[in-house]
Amino acid sequence: MNSQRIALTGAAGSLAADIIPGLLARGHSIVGIDQRLPADTFGCEFVDCQVNDREALLEALRGCDAVIHLAGIPLEAEWADIMRANIDGTQAVLYAAQRLGIRRVVLASSIHSAGFVPVPTDGTLVPDDVGVRPNTFYGVSKAAVEALGSLYHDRYGLDVICLRIASRFAEPTGERTLSTWLSPADAVRLFDACLQTENPGFRTIWGVSANTRGYLSAEGGAAIGFRPVDDSERFAERMFAASDTDPSLLASDWDRAYIGGVFSSVHPPLFGETTTDRNNND
Ligand SMILES: NC(=O)c1ccc[n+]([C@@H]2O[C@H](COP(=O)([O-])OP(=O)(O)OC[C@H]3O[C@@H](n4cnc5c(N)ncnc54)[C@H](O)[C@@H]3O)[C@@H](O)[C@H]2O)c1
C-alpha cells in the first residue's frame, strides 16, 4: 500500500466524514482543512482556515504528498458566493499545490458540470469526459474547477483528477438516484484509487457506484483502478413500495430528461434551503 500524507479541504463537510475514516484505515495520514470546526476530526490534524486565505493554505499544505479538495458550496447559491468559494478557492488550492511541488490533486467536481446532458434512452452510457453542459451557477463553477485542473496539468504538469460526483448519499433517495448513487464505501474506494494510480495526467471521472440502472460510464474509474462494489438495486423494491405513499420518490420529468435531474429546472434546489421552502416556492 502506498500511504500518503493528504491535505483534505472541506474536512468538516459530509463527504469528508464519509471518506476520512476509510482513507485513514488504508494507511494515509490526513491534514483536515475547513473554515469551520468538524464535528469529529477522526484524530487528524486540523487547520481552521478558508481556502481563499492563500498564506494560511500554503502553510497547511506544506509537507503533503497530495491534496483532496472538497471545500466549496455544494448546491446552487448566489453567483458571488459560488465564485469565491468554488472557483477562486479551487485556483488557490491548485496555486498552493504547484508552489509547494505537490504533484497530485483530486478535485470534487459534480454531475452538474454536465447536468444538461440528456439521459441516454438507447442503452448507451454517458462518457466520463462528456463536454460540460452546466445546469446551474453551481454547475458552471464545477466546469471551471475542471478547467482550472486542466490548466494546472497542461501548464505545470500536475496530475489532476476531477471527480464528477453523482449522488453521494447513505442510500439512494429516489428513483433518479437508483441510477446515479455513489455509496460512501465506494467513495472511499474511488478517492483511494485517485491517490494510488500512477501518472493519471488530467482526467474527469464519474463518481458513481456499480448500479444496475446506471447510465454513467464506469470506464474512467476502471482505468485508474476504481472497482465499485455497491449497487443501488437492493434498495429499489423498498423505494418503489414507499412511492405508493410518497410519489415524490418517483423520477420527475426533469429526472427522465437530464442527468442533472431537477437541478436542470429553473428552480434548482438551493444551498441551505429545506424541502418545505421548495414546496412553498414552487
Ligand atoms: N453528494 C455529494 O456529496 C456531492 C456531489 C457532487 C459534488 N460534491 C462536491 O463535494 C464537495 C463536498 O461536498 P459535501 O456534500 O461534503 O458539502 P458540505 O457542505 O457538507 O461540505 C463542504 C465543506 O466545505 C467547507 N468550505 C466551504 N467553503 C470553504 C472555504 N472557502 N474555505 C474552507 N472551507 C470551506 C464548508 O465549511 C464545509 O464544511 C463539494 O465541493 C461538493 O460540490 C458533493
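Calculation criteria
- Residues numbered from 1 in each chain as written.
- Predicted model: local features only at pLDDT ≥ 70, side-chain atom pairs only at ≥ 80, totals over all residues.
- Heavy atoms only, no water.
- Axes fitted to C-alpha atoms, helices over the stretch in contact; angles between N-to-C directions.
- Helix = DSSP H or I, 4+ residues; strand = E, 2+ residues; numbered from the N terminus.
- Parallel < 35°, antiparallel > 145°, perpendicular 65-115°, else oblique.
- Left-handed = near helix turned anticlockwise from the far one by under 90°.
- Contact = heavy atoms within 4.5 Å.
- Nonpolar A, V, L, I, M, F, W, Y, C, P; charged D, E, K, R; others polar.
- Expected span 1.5 Å × (residues − 1).
- Buried < 20%, exposed > 50% of the residue type's maximum accessible area, 1.4 Å probe, protein only.
- Phe/Tyr/Trp six-rings, centres within 6.5 Å; stacked < 30°, edge-to-face > 60°.
- Lys NZ or Arg CZ within 6 Å of the ring centre and 35° of its normal.
- pLDDT = per-residue confidence, 0-100.
- Core = buried A, V, L, I, M, F, W, Y, C linked by side-chain atoms within 4.5 Å.
- Salt bridge = Lys/Arg side-chain N within 4 Å of Asp/Glu carboxyl O.
- Patch = residues over 30% accessible without salt bridge, like charges linked within 9 Å, V, L, I, M, F, W, Y side chains within 5 Å.
- Areas by Shrake-Rupley, 256 points an atom, 1.4 Å probe, with all protein chains shown as cover.
- Pairing = 2+ DSSP bridges.

**Brief notes about the packing of helix α2 (residues 54-61) against helix α3 (residues 79-100)**
Next up, step 1: Direction vectors running N to C along α2 and α3 enclose 50°, while the axes themselves pass 10 Å from each other. The angle between the axes of α2 and α3 places the two elements in the oblique class. The chirality of how α2 crosses α3 is right-handed. Contacts from Arg54, Leu57, Leu58 and Leu61 in α2 reach Asp88, Gln91, Ala92, Val93, Tyr95, Ala96, Ala97, Arg99 and Leu100 in α3.
Next up, step 2: Here the residues of the contact of α2 with α3 sort into nine nonpolar, one polar and three charged.

**As for helix α6 (residues 184-196)**
Next up, step 1: Taking 1.5 Å per residue, 13 residues should reach 18 Å; α6 reaches 19 Å between its end C-alpha atoms and fits that length.
Next up, step 2: Within the sequence span of α6, burial applies to Asp186, Ala187, Val188, Leu190, Phe191, Asp192, Ala193, Cys194 and Leu195.

**Quick notes on the packing of aromatic side chains**
Between two aromatic rings, the relevant description is the distance of the centres plus the angle of the planes.
Next up, step 1: Considering all chains together, one arrives at five aromatic pairs under this definition.
Next up, step 2: Relative to Tyr156, the ring of Tyr152 has its centre 5.2 Å away and its plane inclined at 40°; by these criteria the two rings are tilted. In this pair, Tyr152 and Tyr156 are both assigned in helix α4 (residues 137-156), four residues apart and thus about one turn of the helix distant.
Next up, step 3: Judged by relative accessible area, which is 5%, Tyr152 ranks as buried.
Next up, step 4: Through a chain of ring-to-ring contacts, the aromatic side chains of Phe116, Trp254 and Tyr258 assemble into a single cluster.
Next up, step 5: We note Arg164 situated over the ring of Trp206; from NZ or CZ to the ring centre the distance is 5.6 Å.

**With respect to the confidence of the model for the chain**
As a general rule, the predicted coordinates of low-pLDDT regions are not to be interpreted in detail.
Next up, step 1: Counting all residues, the mean pLDDT for the chain is 95, and 96% of those residues have values of 70 or more.
Next up, step 2: Contacts from residues 275-282, a stretch scored under 50 in pLDDT, to residues over four places away or in other chains number seven contacts.

**Details of the nonpolar core**
Next up, step 1: Counting 29 residues, the largest nonpolar core has Leu8, Ile19, Leu23, Ile68, Leu70, Leu163 and Phe191 as its most contacted members.
Next up, step 2: At the level of elements, β1 (5-9), α1 (14-25), β4 (66-69), β5 (104-110), β6 (159-165) and α6 are the ones that each hand at least two residues to this core.
Next up, step 3: Residue contributions to this core peak at seven residues, all from α6.
Next up, step 4: In contact with Leu163, other than residues within four places in its own chain, are Val106, Leu107, Ala108, Ser109, Ser110, Leu190, Phe191, Cys194 and Ile205.

**Quick word on the pattern of salt bridges**
Next up, step 1: As enumerated under the stated definition, the model contains 12 salt bridges in all.
Next up, step 2: Where Asp192 meets Arg26, a salt bridge forms, and the shortest distance between an N and an O atom there is 3.0 Å. One end of the pair, Asp192, is in helix α6; the other, Arg26, is in the loop between α1 and β2 (29-34), and 166 residues separate them in sequence.
Next up, step 3: On the basis of relative accessible area, Asp192 is assigned to the buried category, the value being 8%.

**Focus on a nonpolar patch on the surface**
Next up, step 1: A cluster of nonpolar side chains, namely Trp79, Met83, Phe137 and Val140, defines an oily patch on the protein surface of about 330 Å² accessible area.
Next up, step 2: Taken together, the elements giving at least two residues each to the nonpolar patch come down to α3 and α4.
Next up, step 3: Mapping Val140 onto the fold places it in helix α4.
Next up, step 4: The class of Val140 is partly exposed, set by a relative accessible area of 33%.

**Topic: the sheet that holds β2**
Next up, step 1: Strand order across the open sheet formed by seven strands is β3-β2-β1-β4-β5-β6-β9, with parallel pairing between neighbours. What marks the edges here is a single partner per strand, and that holds for β3 (45-48) and β9 (202-207). When strand polarity is set aside, the average angle formed by the axes of neighbouring strands in this sheet is 20°.

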